[in-house]
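Coordinate analysis (summary)
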Amino acid sequence: MTELDVPALQRRLTAFAAARDWEQYHTPKNLASALSVEASELMEIFQWLTPEQSARVMEEPGSAHRVADEVADVLAYLLQFCAVLEIDPLAALAAKIERNEARFPATMGTETADRHSSE
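Residues numbered from 1 in each chain as written. Predicted model: local features only at pLDDT ≥ 70, side-chain atom pairs only at ≥ 80, totals over all residues. Heavy atoms only, no water.

**Description of the overall build of the protein chain**
Across its full length, the protein chain holds 6 helices and 0 strands. When the helices and strands of the protein chain are placed in sequence order, the string is α-α-α-α-α-α. Relative to its 119 residues, the protein chain shows a buried fraction of 19%. Considering only residue pairs separated by 6 or more positions, the protein chain has 57% of its internal contacts joining residues 24 or more positions apart. Taken as a whole, the protein chain presents about 8800 Å² of accessible surface, with 59% of it coming from carbon and sulfur. (Helix = DSSP H or I, 4+ residues; strand = E, 2+ residues; numbered from the N terminus. Buried < 20%, exposed > 50% of the residue type's maximum accessible area, 1.4 Å probe, protein only. Contact = heavy atoms within 4.5 Å. Areas by Shrake-Rupley, 256 points an atom, 1.4 Å probe, with all protein chains shown as cover.)

What follows is the structure in structure tokens.
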């Protein structure tokens with residue numbers, strides 16, 4: 001695989017699971033649970049860091065490696081979840097951005113925009 005694209009990554013993850021007979025466990029519920037666990041493991045890295053320390057987490061090779069691994073785990077489970085439910089994750093993201101652009105116009109004050117930036 002020379003080009004990293006979402007469908008190719010999803011096919012590779014599906015083949016990996018199939019080769020190990022793991023598809024039986026890859027239900028939407030189980031994948032959503034696994035995604036939540038991996039996101040929590042990512043959060044654990046930052047749990048007791050100050051905002052300044054968290055901004056520098058990628059400067060230290062050990063923590064940078066841990067962050068990258070957890071990001072990969074989160075993305076892998078999200079892509080598998082989307083494959084099982086036949087969701088195009090990039091189309092879903094584009095649609096969500098469009099809805100948020102309509103809900104939160106750029107002229108909106110920063111206080112209100114900051115409150116909703118995670119939506």
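Moving on from the model shown.
**Things to note about helix α5 (residues 89–103)**
Taking 1.5 Å per residue as the helical rise, α5 with its 15 residues ought to reach 21 Å, and the 21 Å between its terminal C-alpha atoms agrees with that figure. Put simply, Asp 88 is the residue that caps the front of α5, since its side-chain oxygen is 3.0 Å from the backbone nitrogen of Leu 90. (Expected span 1.5 Å × (residues − 1). Polar contact = N/O pair within 3.5 Å; in protein donor to acceptor, adjacent residues only side chain to side chain.)

**Concerning the packing of aromatic side chains**
Aromatic rings considered in pairs are described by the distance between their centres and by the relative angle of their planes. Enumeration according to the criterion identifies 1 aromatic pair in this entry. Judged by centre distance (5.6 Å) and plane angle (70 degrees), the rings of Phe 16 and Trp 22 are edge-to-face. On the basis of relative accessible area, Phe 16 is assigned to the partly exposed category, the value being 40%. The ring of Phe 16 has Arg 20 sitting right over it, with the charged end atom 3.5 Å from the ring centre. (Phe/Tyr/Trp six-rings, centres within 6.5 Å; stacked < 30°, edge-to-face > 60°. Lys NZ or Arg CZ within 6 Å of the ring centre and 35° of its normal.)

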